[in-house]
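# Geometric and topological summary
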2 protein chains.
Amino acid sequence: MVVKKQKQTKQSINRQELEARILRSAEIVFAEKGYNGSSMEAIAAVAKISKQNLIYYFSNKELLYKRVLKEMLDIWIEKLSFLEKDGDTPELVIRRYVHEKMQLSRLYPNGSKVFAHEIISGAPMLKDYLVSHLKPQFERDVKLVKSWISKGLIADIDAEHLFFTIWAATQTYADFSLQMEVLLAKTSLDEDDFERAELAVTEFVMRALGAKKIN
Amino acid sequence: MVVKKQKQTKQSINRQELEARILRSAEIVFAEKGYNGSSMEAIAAVAKISKQNLIYYFSNKELLYKRVLKEMLDIWIEKLSFLEKDGDTPELVIRRYVHEKMQLSRLYPNGSKVFAHEIISGAPMLKDYLVSHLKPQFERDVKLVKSWISKGLIADIDAEHLFFTIWAATQTYADFSLQMEVLLAKTSLDEDDFERAELAVTEFVMRALGAKKIN
DNA sequence: GTTATTGCTGACCAAAAAGACAAGTTCAAA
DNA sequence: TTTGAACTTGTCTTTTTGGTCAGCAATAAC
């Protein structure tokens, strides 16, 4: 693919910066209010621009929403490729996978929430993307896990539901953080909470795999 | 508490029925669209009454929404009391807990989704209830698990995060059912899927507890 | 049968919000 | 410095939606 070299004028730099700021702002508002509850005006206010200017950059709400969703999903798909490098044990691969997923919950809680809202709502804007992008990766990853099982490298577990469980257990630290904050009597989850969470989840998963050594 | 005996007229019976139908309808719409995205008109349409009549029964949207939420939470709190009967092993108690939670995901997917939307959005209408009702139960249950650990009945796991993981892993079968349907190439999760899911989740949790026999 | 209560509906209103449009402003290239 | 393009804003229209209100209809009480 040919990348058109764009001259970096003052304007184009501003444009990029402002677009990024808008996307971050939209993420915050969509995460809290969902698609329908978020007004362009509210997003503009967070981004500190006028509604009209927001519309200039993203001509309508649906488009903006889809951009936010797609950004999040692209990050996930990139970071969560289940790559088996030479010499990696299944244990290490899965351990790394849990770690990465947990990082994403910590670093992108808002994007994660937008995604969650969307899926819970029946994914009206996302279904096709799931089929075309997520499903192939899922099937590949499931196949790999099943091959580990058949080679006796890990315990005989349900591969599909292993993924569902890992996703749920990690994603919950983004989506349901408020519930945990209430139950743990904290104003927000800090570094330590995430570390403890990752340790706990990793240990659960490792035991499920029948790993011998747990540390 | 004195229960006022209400005469069961034809009207009052209809009222109860219609109220229940409205609540079920509201649950469906709120689950799909969230609070802001759900219009009273849409709820009325599902319940097959006029918007004005809906407002006659539930004078405003917030009230209706809170009723739906409260109904769901009351069911949860009732079904998920972590009761230790005489002779129950920790293993059995937790096994039953997972089973109950899974049942709730299967039987009340819509209520579960409404709850999820609410928590993800920062629980604007629910925070107080969480503090007053859920937190005490959580703390009691955590305490019990910790006592099991100190008695050496189960492995030394992180009690708080054990609950977070169980909740996430079970709730996901209600909230994220669409994602699974896409990935498993099904139009809806059936009895078998839930059975398989429960088996998988139960096994994960049992292994995490360090249970000797797994079946 | 008459009256009072409960249940229901149509006509409306006010607020919110998406987005169109036109006009003005800033900036970069010639 | 001029010119055209990129950027920004104020005004207006239309649609949606939560909710009111007055009145009609069905039912229960007497």
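All values reported here derive from a predicted model rather than from experimental measurement. (Residues numbered from 1 in each chain as written. Chains lettered and ligands numbered in written order. Predicted model: local features only at pLDDT ≥ 70, side-chain atom pairs only at ≥ 80, totals over all residues. Heavy atoms only, no water.)

## Focus on the overall build of chain A
Secondary structure summary: chain A contains 10 helices and 0 strands in total. Dimensions of chain A, computed from C-alpha atoms along their principal axes, come out at roughly 60 × 50 × 35 Å. Per-residue burial over chain A gives 51% buried out of 215 residues. Summing over all exposed atoms, chain A offers an accessible surface of approximately 11,000 Å²; the carbon and sulfur share of this is 52%. Here chain A carries 32 positive and 30 negative side-chain charges, and the mean point of each set is 6 Å from the other. (Helix = DSSP H or I, 4+ residues; strand = E, 2+ residues; numbered from the N terminus. Buried < 20%, exposed > 50% of the residue type's maximum accessible area, 1.4 Å probe, protein only. Areas by Shrake-Rupley, 256 points an atom, 1.4 Å probe, with all protein chains shown as cover. Lys, Arg positive; Asp, Glu negative; His and termini not counted. Charge placed at Lys NZ, Arg CZ, Asp CG, Glu CD.)

## Section: the relation of the copies chain A and chain B
Superposing chain A onto chain B takes a rotation of 180° plus a shift of 0.0 Å along the axis, which leaves an RMSD of 0.1 Å. The two molecules are tied by a two-fold rotation axis, judged by turn and shift. When each C-alpha of chain A is compared by its distance to the rotation axis, Ala-168 of chain A comes out closest, at 2.6 Å. In this assembly, 100% of the residues forming the interface of chain A have copies in chain B that are likewise at the interface, indicating an isologous arrangement. (Least-squares fit on C-alpha atoms with pLDDT ≥ 70 in both. Contact = heavy atoms within 4.5 Å.)

## As for the packing of helix H6 (residues 109–120) of chain A against helix H6 (residues 109–120) of chain B
Two elements in contact, H6 of chain A and H6 of chain B, have axes separated by 10 Å at closest approach and are oriented at 160°. As judged from the angle between their axes, H6 of chain A and H6 of chain B are roughly antiparallel. The element H6 of chain A and its partner H6 of chain B pack so that their crossing is left-handed. Across the interface between the two elements, Lys-113, Ala-116, His-117 and Ile-120 of chain A of H6 of chain A pack against Lys-113, Ala-116, His-117 and Ile-120 of chain B of H6 of chain B. A class-by-class count of the residues in the contact of H6 of chain A with H6 of chain B yields 4 nonpolar, 2 polar and 2 charged. (Axes fitted to C-alpha atoms, helices over the stretch in contact; angles between N-to-C directions. Parallel < 35°, antiparallel > 145°, perpendicular 65-115°, else oblique. Left-handed = near helix turned anticlockwise from the far one by under 90°. Nonpolar A, V, L, I, M, F, W, Y, C, P; charged D, E, K, R; others polar.)

## Considering the UniProt feature "domain: HTH tetR-type" (unreviewed entry) in chain A
Those residues carrying the UniProt feature "domain: HTH tetR-type" (unreviewed entry) are residues 16–76 of chain A in this numbering. Taken end to end, residues 16–76 of chain A is 87% helix and 0% strand, and its two terminal C-alpha atoms sit 22 Å from one another. (UniProt positions renumbered as here; feature names shortened; annotations may be inferred.)

## Concerning the domain arrangement of chain A
All names here are of chain A. Along its sequence, chain A is carved into domain 1 (8–59) and domain 2 (68–208). For domain 1 and domain 2, the distance between their C-alpha centres works out to 28 Å. Counting residues at the interface gives 8 residues for domain 1, matched by 8 residues for domain 2. When the two sides are added together, the surface that domain 1 and domain 2 hide from each other amounts to roughly 740 Å², 69% of it contributed by carbon and sulfur. In terms of surface lost to domain 2, no three residues of domain 1 exceed Leu-23, Glu-27 and Ala-31, which account for 66% of the buried area on that side. In this assembly, domain 1 and domain 2 are joined by 0 salt bridges. Split by residue class, the side of domain 1 that touches domain 2 holds 6 nonpolar, 1 polar and 1 charged. (Domains from an automatic or database assignment. Buried area = accessible area lost by both parts, 1.4 Å probe. Salt bridge = Lys/Arg side-chain N within 4 Å of Asp/Glu carboxyl O.)

## Brief notes about the interface of chain A and chain B
Tallying the contact residues gives 55 residues for chain A and 55 residues for chain B. With both sides pooled, the region where chain A packs onto chain B buries about 4,800 Å², and carbon together with sulfur makes up 71% of that total. It is Ile-120, Leu-183 and Phe-204 of chain A in chain A that bury the most area against chain B; as a group they hold 16% of the surface buried on that side. Counting across the chain A and chain B interface gives 4 salt bridges. Here Glu-160 of chain B ties to Arg-196 of chain A by a salt bridge, and the two come within 2.9 Å at their closest N and O atoms. Applying the counting rule to chain A against chain B returns 12 residue pairs in polar contact (both at pLDDT 80 or more). For the side of chain A that touches chain B, the elements supplying multiple residues, two or more each, are helix H1 (10–37), H6, helix H7 (127–150), helix H8 (159–175), helix H9 (177–184) and helix H10 (191–208) of chain A. In terms of residue count, H8 of chain A provides more of the side of chain A that touches chain B than any other element does, 12 residues in total. In the side of chain A that touches chain B, the residues fall into 30 nonpolar, 11 polar and 14 charged. (Polar contact = N/O pair within 3.5 Å; in protein donor to acceptor, adjacent residues only side chain to side chain.)

## With respect to the UniProt feature "DNA-binding region" (unreviewed entry) in chain A
Mapped onto this numbering, the UniProt entry annotates "DNA-binding region" (unreviewed entry) at residues 39–58 of chain A. In residues 39–58 of chain A, helix accounts for 75% and strand for 0%; the two terminal C-alpha atoms are 13 Å from one another.

## Quick notes on the nonpolar core
Burial of nonpolar side chains together is a common tendency in soluble globular proteins. If you look at the biggest cluster of nonpolar residues, it comprises 142 residues, and the most contacted ones within it are Leu-64 and Ile-94 of chain A together with Leu-64 and Ile-94 of chain B. Excluding anything up to four places from it in sequence, Ile-94 of chain B contacts Phe-82, Trp-148, Leu-162, Ile-166, Val-205, Met-206 and Leu-209 of chain B. (Core = buried A, V, L, I, M, F, W, Y, C linked by side-chain atoms within 4.5 Å.)

## Thoughts on the side chain of Ser-105 of chain A
All names here are of chain A. Tracing the backbone through its elements, the reader meets Ser-105 in helix H5 (residues 90–107). Residue classification places Ser-105 among the buried residues on the basis of a relative accessible area of 3%. A polar side-chain atom of Ser-105 sits 2.9 Å from the main-chain carbonyl oxygen of Thr-170. Beyond its immediate chain neighbours, meaning those up to four positions away, Ser-105 contacts Thr-170, Gln-171, Ala-174 and Phe-194.

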